[in-house]
Structure formats: structure tokens, C-alpha cells
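What follows is the residue order along each chain.
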Amino acid sequence: MSRDGSLALPPDSLLLHIGPHKTGTTAVQSALRNAKPLLPQYGAQYVGSGLNAHLGALYVTGSPGQRGDPTPRAVNWQRLRKQVKRTHGRRGIVSSERFCTADPEAAKRIVADLGGDRVHVVITLRPLARMLASQWQQHVQIGLRVSYQRWLRYVFAEQPTNRPAQVFWRRHAHDELTERWAAAAGVDHVTVVVADDDDRTMLTGAFETLLALPSGTLVAELTQSNRSLTYGETEIIRQLNQEYVARGWSARTYRQFISGGAAAAMKLRQPAPDEPRVATPRWAAERAAERAGLAAKRIADSGVRVIGDLDQLTRLPSLLSDEPAARGTDDAPAAPVPASAAVAGMVGVILATETVPRSADVAMLTPAEQEQVTAGITTRRLAAILRRRLRDRARRRLGR
């Protein structure tokens, strides 16, 4: 990516990255976290606890968060505001995809509370059609029970009334998202970054440009913990979701055993090359591309800054199916489930059941530790690693 000094934000700006989901946010946040000790020497500071400031964002946007997550409180937002104030004189950075669901009034409050004219909103976008499968999987991992086919029919209904479909468009109606935040922060205080799926360094390079950082400062972790599930893996979780509702299990149980246990552990395995991925029906991909083309034009006409090629937003996924738009049943096509995927899910549940603290998540492991898991690490050893990482994280929060 070529450097353009004119794109660098003023030295006392606050870069507010609002996502939305599945647009490379985890890669950006991990790169910022890894570079956090280096940033002050370049006049920048990454604020917020952990990978993002999601509890504060959930509170100020009025969003409920995921099933079983801690309840966001006013103190989370107040703490984030205080951390932001301490970045004056530097380029502050806050990143959380949870901000993207803010309605117009909440967006205005967020901008005002975090510094007004100091705030510069950054929106990262990917091709809409390529996000359909990943968003369905993400919803399944937090409790969705309907098949991909039925979910797509909800999403592309003439008037979407189903809540998951409404959530999808709240996040991914690219033009409306951009216009909402441009109204809150000002057109000249919004930058849209269009990710290039063929260039893994494009997003981090864009953030380096905005923050006036040397090339190579931001390097994302290569990890399995946020990969998309295969079709068979997703179906395991979807059917577990059905059991969860039928049996009346608690939200804490869901978070501990399903999303933080089975799903997190399955992500750490390496799927075989021939394991079926989720294929998007051609009709849905084409509708998404058409919608993305209209959004791209409105974004171009809005006057916000754009890094990347807006035409990328209309690209189709490489994996398509000829599944018809109308079906008389919600039965999903057969999904072969490898034994290794089922075993990984069972191991995740066992780990969550035994010695791992409830707040632990297998996704906390570093890539090296994940390799140990996939190589056959024992339950006792994995539990010890997770306990140590939780202890170290608590000490960092306390400043010890």
C-alpha cells in the first residue's frame, strides 16, 4: 500500500474504529495490542482493556451483548472516557466493532463524550456477499438456531422483521452506517477503509498511514481462534443451540460450555482441505452484490475519505451454490462431521467443566499454545495454561 502523508490524522486526534463485525477487526485489534508498547514513541496510544473496549461500547449503544457475557455498566463507559482523556497530545486509538450498532443519538453522544472535534471515525468494510456466511456462523456461535438458507431468506426479505436480519443490516448496510456516523462526527471526520481480501497487510497498512506509523509497526497475530467454522462444525453448534433452548439451560451455561467451550475448541483444530465450507447460494450473493453497489455509490457521493477501492464491495464469494431462494422446509443440506471436529467440541466442554475458570476461553491461547492443543496437549496442562493467562491478565489490569 502506498503511503500518503496527507491521510495521517492530526497529532491530537482520537481514531475511533467502529468495525463493523467481520471486517478484519480482530486482526487490527491484535496488531494494535502487540504494538502497544511501541506506539508512544510515535505519538500514539492504544486505549481500552483487552482486545477492545466492548463493554463500554455495549453500554453507550444500549446493546445487550452476547448470551452469558458480563452486563455492561456505566462504569465501563466512564473508565473508557477517562482513558481517552489521558491520550491528549497524542493520537489516541479506540477500537470496538460494538460501536457500529449505535443509533443516530448514541453515535452523537459517543463522539461528544470522547472529544468532539478530536474524534475521527474509521469504518472498515469488506465485500457484502463475502460476509454472509461468516455472519451466519457468528450468529450461530451466539445462539442462532435456524439454517443458513432460512437466515438468508430473513435477511433478503422485502421488509426484514426477524431480529438477526435486522441486526445484520444495522451492522452491514454500509451506506447507512457511513451516513449515520458522518452525521455524528462530520463528513470530514470519517474515513472508510475498504479491505482487500487478496492483501492481508492492507488493513494494518491503512491504520499505519492514519496514525503516521512506520511501515511494519502493526502486525496481526496469525491465529486459529477467530477462523470461520466449517459447515459441519457450524451444524454441531446450531443443533446444540436447539438443545440449549429445549432444555432451558442458562445463559451462563451457554457461554461456558457452548460458545466458550465447544465452539472455541473447534476453532483450534485445523480442518482438512476437503472439509465442506459454508457455500452461499448464488441468488443471495447476487442480491448482496447489487445492494453493495448501491451503497458504494452513496459512500462515494457522501464526501467521506475513502482508502481502498469501493468496487471491492461488490465482489462475490469464491464458494457459491445453486440453492434456490424458496424452499418448503428449513432442513439444512447434509453436513458431514469429521470425528476430529466432534472430539474437539467434546474436549472444549470437558475443559469448561473441570478445572478451567468459568471466564476462561480457549481462544485466549497464543498461537504457540494453540499448536500444543492441536498436537494433543493434556487437559491438565491446558487448564494450567489458561489459569496462568487469566492470572497474568488480572495483574496487568491491576497495574502490578
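The paragraphs below set out a description of the structure included in this document. Not measured: the values here are computed from a predicted model. (Residues numbered from 1 in each chain as written. Predicted model: local features only at pLDDT ≥ 70, side-chain atom pairs only at ≥ 80, totals over all residues. Heavy atoms only, no water.)

Turning our attention to the overall build of the chain. Counting its regular elements, the chain contains 15 helices and 8 strands. By the burial criterion, 49% of the 400 residues in the chain qualify as buried. Partitioning the contacts of the chain with sequence separation of at least 6, the portion at a separation of at least 24 is 82%. Entry remark: accessible area of the chain is about 18200 Å², with carbon and sulfur atoms responsible for 50%. (Helix = DSSP H or I, 4+ residues; strand = E, 2+ residues; numbered from the N terminus. Buried < 20%, exposed > 50% of the residue type's maximum accessible area, 1.4 Å probe, protein only. Contact = heavy atoms within 4.5 Å. Areas by Shrake-Rupley, 256 points an atom, 1.4 Å probe, with all protein chains shown as cover.)

The next point concerns the packing of aromatic side chains. Overall, the coordinates contain 8 aromatic pairs when judged by the stated rule. Between Phe156 and Trp169, the ring centres sit 6.0 Å apart and the planes meet at 80°, which makes this aromatic pair edge-to-face. In this pair, Phe156 sits in the loop between α6 (148-155) and α7 (163-172) while Trp169 sits in helix α7, placing the two residues 13 residues apart along the sequence. Summarising the aromatic geometry, the rings of Phe156 and Trp283 are spaced 5.9 Å apart at their centres and angled 75° between planes, so their arrangement reads as edge-to-face. (Phe/Tyr/Trp six-rings, centres within 6.5 Å; stacked < 30°, edge-to-face > 60°.)

With that out of the way, let us pick up the pattern of salt bridges. This structure, assessed with the given rule, holds 16 salt bridges. Salt-bridge contacts for Glu275 lead to Arg269; the nearest nitrogen and oxygen are separated by 2.6 Å. Arg269 carries the same exposure label as Glu275, and that label is buried. One salt bridge in this structure joins Lys297 and Asp301, with 3.0 Å as the shortest N-O distance. One end of the pair, Lys297, and the other, Asp301, are both in helix α12 (residues 282-302), 4 residues apart, so they sit about a helical turn from each other. Residues Lys297 and Asp301 agree in their burial class; the two are exposed. (Salt bridge = Lys/Arg side-chain N within 4 Å of Asp/Glu carboxyl O.)

All right, on to the pairing of strand β3 (residues 91-95) then. In terms of residue burial, β3 counts as a mostly covered element, since 5 of its 5 residues are buried. Here β3 shows no split at all, with Arg91, Ile93 and Ser95 on one side and Gly92 and Val94 on the other all buried. In this sheet, β3 lies alongside strand β2 (residues 44-46) in parallel orientation, the contact comprising 3 bridges. Following the sheet pairing, Gln45 is matched in β3 by Gly92. (Pairing = 2+ DSSP bridges.)

Turning next to α12. Relative to the 30 Å expected for 21 residues at 1.5 Å per residue, α12 spans 30 Å between its end C-alpha atoms, a close match to the ideal helical length. Every buried residue belonging to α12 is among Trp283, Ala284, Ala285, Ala288, Ala289, Ala292, Ala295, Ala296 and Ile299, and all of these are buried. Positive phi appears at Gly303, one or two residues downstream of α12, with a value of about 95°. (Expected span 1.5 Å × (residues − 1).)

What follows is about the pairing of strand β5 (residues 190-194). Counting buried positions along β5 gives 5 out of 5 residues, so the element sits mostly inside the fold. Side chains of β5 alternate between two faces, with Val190, Val192 and Val194 and Thr191 and Val193 buried alike. As defined by bridge partners, strand β4 (residues 119-125) adjoins β5 across 5 bridges and the pair is classed as parallel. Across the sheet, residue Ile123 finds its bridge partner in β5, namely Val192. Note: β5 against strand β7 (residues 305-307), 3 bridges, orientation parallel.

So, on to the packing of helix α5 (residues 128-140) against helix α10 (residues 231-247). For the pair α5 and α10, interaxial distance at closest approach is 9 Å and the crossing angle is 35°. In this structure, α5 meets α10 at a crossing whose hand is left-handed. Taken together, the residues of α10 that come into contact with α5 (itself represented by Trp136, Gln137 and Val140) are Tyr231, Thr234, Glu235, Ile237, Arg238 and Asn241. Each residue belonging to the contact of α5 with α10 can be placed in one class, and the counts come to 4 nonpolar, 3 polar and 2 charged. (Axes fitted to C-alpha atoms, helices over the stretch in contact; angles between N-to-C directions. Left-handed = near helix turned anticlockwise from the far one by under 90°. Nonpolar A, V, L, I, M, F, W, Y, C, P; charged D, E, K, R; others polar.)

Ranked by size, the top nonpolar core spans 70 residues in total, and within it Leu16, Phe99, Trp151 and Trp181 carry the most contacts. Residues Leu9, Leu39, Met202 and Phe207 belong to the second largest nonpolar core, which totals 23 residues. (Core = buried A, V, L, I, M, F, W, Y, C linked by side-chain atoms within 4.5 Å.)

The interhelical angle for the contact between α5 and α7, taken along N-to-C directions, is 135°, at an axis separation of 12 Å. Comparing their axes, α7 and α5 come out oblique. Two packed elements cross with a definite hand, and for α5 against α7 that hand is right-handed. For the pair α5 and α7, the contacting residues are Leu128, Met131, Leu132, Gln135 and His139 in the first and Pro164, Val167, Phe168, Trp169, Arg171 and His172 in the second. (Parallel < 35°, antiparallel > 145°, perpendicular 65-115°, else oblique.)

Further remarks concern α6. Within the sequence span of α6, burial applies to Tyr148, Gln149, Trp151, Leu152 and Val155. End-on view of α6: buried residues confined to an arc of 160°, all on one side of the axis. Buried-residue contacts for α6 involve α5, α7, β6 (280-281) and α12. (Arc of directions from axis to C-beta.)

Reading across the sheet, the 6 strands line up as β2-β3-β1-β4-β5-β7 and stay open at both edges, with parallel pairing between neighbours. For this open sheet the edge positions go to β2 and β7, each flanked by a neighbour on one side alone. Geometrically, the sheet is characterised by an average inter-axis angle of 20° between neighbouring strands, direction not taken into account. Sitting on the sheet, helix α9 (residues 202-210) is in contact with β1 (14-17), β3, β4, β5 and β7, with an inclination near 155° to β5.

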